[in-house]
Amino acid sequence: MRAHLARVDAVIVQAVIAGALSFSHLHDLAAAAGQGGWKAWAYPVSVDLLLVAAWRRMRGLQRAGQAAGVPRLWFLVALAASLGANVATAGLLDLDHVPAALRVVVAGWPAVVFFGGTLLAHAPHEHEVPAVPVSPTHTDEERHPAPGALDTPNRERLPASSTDPEPATAEPIASPAPAPVPAVSLPPALVERVRALAEEHRSSTGRPADPDTVRARLGLPPSMTASVAAHL
């Protein structure tokens, strides 16, 4: 537990230090671009708030399984503004002679952050799955009534009579005869072989060939008897 608290404390300390440095850099850049007084302190607040709002919105959409392209775009915009201020104040930019393009970007930032914050705040929330109402006609009590529910107070009970006729003995139901197997067409070569064996049997015995005998000599399954008989 103490190790976990130590890790959490270290993360908090790092976050506070990083936030303070980024806050100071944004303030210095805004002040160098002509935004003095309280306006220079409002710029880092707007950047950090947009960063946090976009991050929370993006995580919420991802947990709901929806596309998070718009929050991710605004998160990258706020991150670029914070990172750009950190790099610009590292000595790469002369804060005494700020370019005109940077002054335009800093002056137009309030409108940009207001537009992004409005989109994030008023975007539709995650779709909730509506609960399916249970119809009262499909309750478990009606599908499976209690044993005593079938007996009503007004139900008449007939006395048992010893003269009731005995139930008639049910006659056994004859099983239906199996359907005949339809004949399957044979290849021409096999048809010639069937006819040759039938002619050989007729010439040697003087009797017509039996389909089962011809089928057995050809090595065909019993289900092919009807097909062999169709060509004899």
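Scroll up to find the structure.
Residues numbered from 1 in each chain as written. Predicted model: local features only at pLDDT ≥ 70, side-chain atom pairs only at ≥ 80, totals over all residues. Heavy atoms only, no water.

Asks: Break down the overall build of the chain for me, with residues and values.
Replies: When helices and strands are counted, the chain shows 8 helices and 0 strands. In sequence order, the secondary structure elements of the chain are arranged as α-α-α-α-α-α-α-α. Evaluated residue by residue, the chain yields a buried proportion of 21% over its 232 residues. Taking all contacts inside the chain whose residues are at least 6 apart in sequence as the whole, residues at least 24 apart take part in 61%. (Helix = DSSP H or I, 4+ residues; strand = E, 2+ residues; numbered from the N terminus. Buried < 20%, exposed > 50% of the residue type's maximum accessible area, 1.4 Å probe, protein only. Contact = heavy atoms within 4.5 Å.)

Asks: I'd like a rundown of the packing of aromatic side chains, residues and numbers included.
Replies: If you walk through the whole model with that rule in mind, you get 3 aromatic pairs. Here Phe 23 and Trp 41 contribute two aromatic rings whose centre-to-centre distance is 5.9 Å and whose plane-to-plane angle is 25 degrees, an arrangement assigned as stacked. You can see Phe 23 sitting in helix H1 (residues 2–32) and its partner Trp 41 sitting in helix H2 (residues 38–63), a full 18 residues away along the chain. Phe 23 gets classed as partly exposed once you look at its relative accessible area, which sits at 24%. On the accessibility criterion, Trp 41 (45% relative accessible area) is partly exposed. Residues Trp 74 and Phe 115 carry aromatic rings whose centres are separated by 5.9 Å and whose planes lie at 65 degrees to one another, so their mutual orientation is edge-to-face. You can see Trp 74 sitting in helix H3 (residues 69–92) and its partner Phe 115 sitting in helix H4 (residues 100–122), a full 41 residues away along the chain. (Phe/Tyr/Trp six-rings, centres within 6.5 Å; stacked < 30°, edge-to-face > 60°.)

Asks: Explain the nonpolar core to me, and be specific about the residues and the numbers.
Replies: Formed by 18 residues in total, the largest nonpolar core has its most connected members in Leu 50 and Trp 109. Counting only elements with at least two residues in this core, the list comes to H1, H2, H3 and H4. (Core = buried A, V, L, I, M, F, W, Y, C linked by side-chain atoms within 4.5 Å.)

Asks: Can you break down helix H6 (residues 188–205) residue by residue, with the values?
Replies: Spanning 18 residues, H6 covers 26 Å between terminal C-alpha atoms, matching the ideal 26 Å at 1.5 Å per step. Of all the residues in H6, the buried ones are Val 191, Val 194, Leu 197 and Ala 198. Buried residues of H6, viewed axially, fall in a sector of 130 degrees; they line one side. In this structure, H6 carries Pro 188, Ala 189, Glu 192, Ser 203 and Ser 204 as exposed residues pointing more than 90 degrees from its buried face. (Expected span 1.5 Å × (residues − 1). Arc of directions from axis to C-beta.)

Asks: So, the layout of surface pockets: which residues are in play, and what are the values?
Replies: Within this model, the largest pocket holds a volume of roughly 200 Å³. Taken together, 13 residues make up the lining of the largest pocket; nearest its centre are Leu 26, Leu 29, Ala 81, Val 105 and Val 106. Secondary-structure elements contributing two or more residues to the lining of the largest pocket are H1, H2, H3 and H4. (1 Å grid on protein atoms, 1.4 Å probe; cavity = no way out; pocket = protein on both sides within 12 Å on 5 of 7 lines; lining within 4 Å. Points joined across faces, edges and corners; volume = space filled by probe spheres on them.)

Asks: Outline a nonpolar patch on the surface, supporting the account with residue identities and numerical values.
Replies: A cluster of nonpolar side chains, Val 13, Ile 17 and Leu 21, forms an exposed patch at the surface whose accessible area comes to about 270 Å². Along the chain, the position of Ile 17 falls in helix H1. Under the relative-accessibility criterion, Ile 17 is labelled partly exposed at 49%. (Patch = residues over 30% accessible without salt bridge, like charges linked within 9 Å, V, L, I, M, F, W, Y side chains within 5 Å. Areas by Shrake-Rupley, 256 points an atom, 1.4 Å probe, with all protein chains shown as cover. Salt bridge = Lys/Arg side-chain N within 4 Å of Asp/Glu carboxyl O.)

Asks: Talk me through the packing of H2 against H3; I want residue IDs and the actual numbers.
Replies: At a minimum axis separation of 8 Å, H2 and H3 run at an interaxial angle of 150 degrees. Between H2 and H3, the angle falls in the class roughly antiparallel. H3 is crossed by H2, and the crossing has left-handed handedness. Side by side, H2 and H3 meet where Val 47, Leu 50, Leu 51, Ala 54, Trp 55, Arg 57, Met 58, Leu 61 and Gln 62 of the first sit next to Pro 71, Arg 72, Trp 74, Phe 75, Ala 78, Leu 79, Ala 81 and Ser 82 of the second. When grouped by side-chain class, the residues that make up the contact of H2 with H3 number 13 nonpolar, 2 polar and 2 charged. (Axes fitted to C-alpha atoms, helices over the stretch in contact; angles between N-to-C directions. Parallel < 35°, antiparallel > 145°, perpendicular 65-115°, else oblique. Left-handed = near helix turned anticlockwise from the far one by under 90°. Nonpolar A, V, L, I, M, F, W, Y, C, P; charged D, E, K, R; others polar.)

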